[in-house]
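Notes for the structure review
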Amino acid sequence: MPDNRNLHRNIFFRDCAQVPAMPYSALDSAHPEDLWNWMDTQRKAGHELLAISHNANLSDGWMYPIDVDSFGRPIDAAWAASRDRNERLVEIKQIKGQSETHPLLSPNDEFANYEIGNYLLGLDPESGRVDRISGSYARQALKDGITMQDTRGYNPYKLGMAGGSDSHNTGSPYRQDNFYGGHAAADGTAQTRMSGALLGNTIDVRLLNPGGLTGVWAEENTRASIWDAMYRKETFGVSGPHIKVRFFGGWGYDGKVLTQANWIRAAYSGGVPMGADLPPVKGKAPTFAVWAVKDPTSGNLDRIQIIKGWTKHGQSFEKIYDVAWAGHRQADKWTGEVPPIESTVNLETATYTNTVGAVELKTVWTDPDFDPSLHAFYYARVLEIPTPRWTTIQAHQLGIAPPDVVPPTVQERAWSSPIWYVPAAAEARKVASQGLTVAALTQKGGTTLDDAQLKKLLVGKALWMRNSVTGELFKVSYTSDGQTVVWNVGRRATLPSATGNVAQDAYLGVTTPYTIEKGKVVTTLSQTPYADTFYKLGDTYYVARSNEFGYANYEVLPKGPAAVHPLEEGEARGKSQSEGKRAQK
Amino acid sequence: MSDLGRISREPLVHFLLLGVALFAVYGYVHRGRGGVESSRQIALTLDDLRQLDMYFQSQWQRPPTAGEFNSLIEDKIQEEVLYREGLAMGLDKDDTIVRRRMAQKVRFLAEDVAAAREPTTAELKAWYYSGKTSERFALPGRITFRHVYFSPDTRGPRAHDDAADALVKVAGEPEDSRAAPLQADRFMFQGYYADRSSEQLAKDFGPRFAQAILKVKPGSWQGPIESGYGWHLVYVESIIPGRIPAFEEAESDVKTAWLANQKAQAWHKAYQDMRARYTVLLPGPPDEKTVRASAPTPRKEVPTSSGEGPL
C-alpha cells in the first residue's frame, strides 16, 4: 500500500499441493510488477496461480494506469502481457465500496451512484490528501484497455468480474439485514456503526456496506475446475445476495434459445460464455443471451442491463442498454431507457416486499449500434428492486433517523464478466486510416501553439469545436480569470472518456479551472489533470487531448451553428416524431 | 568492634554482599555480549547466509546473483541495526503489537507442548462415546423430492391458486406423473433433488421452504409450498432423519476434534499455572460522589490508526 494507495492483490493457487514455500508479501515489494514477475516464476515452477485486484477504488488512481507503471516507466507490450497473464479478475465490490464505475466517469449511468468508497487507507487523519477517481475504476480500465489494443496493439485490462468481502473478522456480512461490520471492535456494534465512528480515524463506518461474492461457472465443484473457470473469467460478481447470471455472446442466437429445455448447452454451442472473445464475425451484429435469477432469500429483480464499451480514434465510449425488465414498464420511445421500478421500501419500518420485480429475467439481445471495425466489450449488470440499506435498518432498530450521509435504499446487483469483440485485422485497418493523428498532423506541417498564442486564442473567449469522432458540436468558454465550461452537449450525448458531467455543469453554469502552461491548456477532472494541445494547420486549429492516445480529434470551427439542433424535414413539418429521422445519434 | 560484628551478622548485609557478587559474576559471564562494545558488532553466521539464500530460492526458483545476495545481506543487516536501535531506545516497551506478539508466542508454545501426542483408536472411541460428545458429530436429515413450480413472473398473484388447482388434478398421481409438469412452469434449476439437507435447501429455496417440506408426508403430491421463487407442488420420495454416526464412520473428524480439545485443555491448564503465580490488584469500587463530580463525559472509543495493514 505505497503512500496509502491500495494496490493489494488476492492470489489464488490452482493446486494446494503446488505452492511455494513462502508467500510473496508487500514486505518483499510494494510494486505490482514485482509481484507479477514472482508469479511468472511460480508458474514456471508448476505453481499455477492468478491475481485479483483488491479495492481498486481506493488505489488513488494507481490500479489502472495508461501511461506509466508504478516505477514511472512507460507502459509497453511486455508490461501489458505480464499483467494480463497474471491478473485475471477485478474485485468489483466489497465492504469498502464498488470498483465498477463512478458518476463522474459515467455521467449517463443512472445506477453508477452506488456504494462509492473514496478514502485512502491508513491515512494520517491530518493529511489533506484525497483518493483520486481516474484510474481507480474497472469500467474505465476496460475502455482504456480496448483503446490501448486499438492504438498500441496490447490490452492489459481484459478483466473478469469477482466480488470479495474484505472482512477483517472471521466471518463476513453479506446482507443488509445482517450487517455486523468488518473490522472487529472498530465497527462491531450497531451503536458504534450508527454513531459514524471513524475507522482508522478517517472513514465514517456508515459508508461501509456488506461484502460481495464471486460466482463461478465451473464444470465441477473441485478446486482445479473452479480455478480454471476463474482463469478463463467465466465468473461474475454480486453485491452480496446470491443472484445468478449467465451471459453468452455469438452471432446467431435467436429468441428461442432461452426457451429450450437444455438452453445452456445450446448457448455454449452457439457462441462463447462470459470472459471470452466473440468468435469471428458471422452476421451483421453480435447477439447475446443473458439470464438472471434472484436470490430466494433476497429482493426480486428489477432489470438486466448490457453495458457496452467501444473505441474509435483513441476515444472510448460507453452505453447502457436496458434489455430485460420486470413488470409492464414501457421503455422510453426515444432513449430505450426503462423507468425506475416502484419502490416498496417503507423507511419507517425499514422493510420491503417482493410484490414488484421478477424471479427470473432473460432475453436475447442484438447490438443495434454494432460497427464491425471497432473494438468493443459487453457485460451484463443485473439489478434487484430497491431494498433498505443496512444503515436504514439499524437506524430503525435504534429508533433514530436514517443517516443522511448515505442513501436510505440500495439496489443490490450482479456483474457478469465481459465478452470482447476484437475486429479482424482487415476490419480494423478500415477505420485506422480515417482518424487524424498528431503524427499525421505534424507531418502535414501542423505546428503547436505556445502559451502566448494560446492566451490570445482562448482567454476571455468562447470557441466552437467539433469532436470529429462523434460529430458532436459544442462550445467552450474560457473566462479571463481562468474558468472554463463546455456548452451545448446533451445529457445523452456519446461522450469520450473523462469529460465529466458536462451536460449538468452547463445547465447549472458550473465552471472548472483551467491553466495555460508549457503549450497546453490544462483542466482537471476532480484531481486528475487532462491537457489539450492546440495545433494550427493552414487556417484551422486542431486540438489533441492528453488521454486520447495520440489523436487530434477536435477541430475548432471558425463560426458556430445558427441552431444547436436543426430540425430535419420530417420534424419541421410537424409529422409524428417517429417519422423524423435524425442524421446523428 | 562489637558493632561491626553485629553488622556482619545482619541478614540484610548478607543479601547486599550476595547481590554484589552475583552482579560481578553476571558481568563477567556476559562480557562481550551485553556490553557497549559488543552491541556494535553484528555477526552473521554461515547458517544465516544459507537461510537468506534459501529464502530467495524459494521465492524465485534460482540462486541470487552476487548483487542480489549482497542486497539480501544488507537488508538483513539493516533489520538487525534497526532492531537493536529500537531496543536501545526502549521501543519494545508499552507497544501493543510487541506485547501481543510475545503473549501469542507463549501461548503457541504452551499449546504445542500439549498437543504433540497421537491418540490411540481406543482412546478416541472412549472419548467419542463419553457424555454428549457424539452429538457434536450428528448427521443432518436428508430429503429426496421432486417438485413442480408455479411462477409469479407469469401468473402474478394467481400462482398460489393455480398450484392448488393443479394439485387437485395430480393428487393420487405417481411421482413421475406427466400431468404435474404440464400444469406448471419451467423451473430455473432442477426438478429432482436427491439427499439434500435442510441447510442446503434453505440456500437453494429459502428457509421457509426448507422447514415446510420436512413436514410433508412422503409418497404423494402435496402443497402448495412457497419458496423464495414462488409456489411448488412437491412429491417427497423419502426423508432420512438425522442420526449420530457410529464411531468408525466419523473417526477422522473425531481425531481432529480430540486434538483441538487436547490443545484447548493444555492451554487452559498452562495458563492457570501461570496465572496462579501472579497477584492482581484492581481498583476498589469507586465512590459514587467522586465519580459524578470528576468523571469526564464518556467519549466514544475511537480506534487508533494502524497506519498500515490491509484495512
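Residues numbered from 1 in each chain as written. Chains lettered and ligands numbered in written order. Predicted model: local features only at pLDDT ≥ 70, side-chain atom pairs only at ≥ 80, totals over all residues. Heavy atoms only, no water.

This part takes up the environment of Ala292(A). Note on placement: Ala292(A) falls in strand β13 (residues 287-293). Residues contacting Ala292(A), with those up to four places away along its chain left out, are Lys244(A), Val245(A), Leu301(A), Ile304(A), Val359(A), Glu360(A), Leu361(A) and Val382(A). (Helix = DSSP H or I, 4+ residues; strand = E, 2+ residues; numbered from the N terminus. Contact = heavy atoms within 4.5 Å.)

By size, the foremost hydrophobic cluster in this structure holds 66 residues, and its most contacted members are Phe247(A), Ile304(A), Tyr378(A), Phe145(B) and Ile213(B). Considering every element that reaches this core, the biggest residue donor is β13(A), with 6 residues. Membership of the second largest hydrophobic core comes to 38 residues, among which are Leu35(A), Ile75(A), Leu159(A) and Ile307(A). (Core = buried A, V, L, I, M, F, W, Y, C linked by side-chain atoms within 4.5 Å. Buried < 20%, exposed > 50% of the residue type's maximum accessible area, 1.4 Å probe, protein only.)

Attention now moves to the confidence of the model for chain B. Residue and element names in this part refer to chain B. In this model, chain B carries an average pLDDT of 84, and 78% of its residues clear a pLDDT of 70 or more. Of the regions scoring below 50 in pLDDT, residues 32-37 engages in 2 contacts with residues more than four places distant in sequence or in other chains. Across residues 298-311 the pLDDT falls below 50, and counting only partners more than four positions away or on other chains, this stretch makes 25 contacts in the model. Reported for the predicted complex are a pTM of 0.86 and an ipTM of 0.89. (pLDDT = per-residue confidence, 0-100.)

The subject of this paragraph is the interface of chain B and chain A. Taken together, the contacts link 28 residues of chain B with 43 residues of chain A. Here chain B meets chain A over a buried area of about 2,700 Å², counting both sides, of which 60% is carbon and sulfur. At the junction of chain B and chain A, the tally comes to 0 salt bridges. Counting only elements with at least two residues in the side of chain B that touches chain A, the list comes to α4 (46-60), α8 (152-155) and α11 (198-205) of chain B. Residues belonging to the side of chain B that touches chain A are distributed by class as follows: 14 nonpolar, 9 polar and 5 charged. (Buried area = accessible area lost by both parts, 1.4 Å probe. Salt bridge = Lys/Arg side-chain N within 4 Å of Asp/Glu carboxyl O. Nonpolar A, V, L, I, M, F, W, Y, C, P; charged D, E, K, R; others polar.)

What follows concerns helix α9 (residues 159-170) of chain B. All names here are of chain B. Across its 12 residues, α9 extends 16 Å between first and last C-alpha, which sits within 8% of the 16 Å expected from 1.5 Å per residue. For α9, every residue scored as buried is listed here: Ala-159, Asp-162, Ala-163, Ala-166, Leu-167 and Val-170. End-on view of α9: buried residues confined to an arc of 145°, all on one side of the axis. Of the surrounding elements, those touching the buried residues of α9 are β1 (142-150), α8, α10 (179-183), β3 (221-226) and β4 (231-240). Remark: Gly-172 follows α9 within two positions and exhibits a positive phi of approximately 85°. (Expected span 1.5 Å × (residues − 1). Arc of directions from axis to C-beta.)

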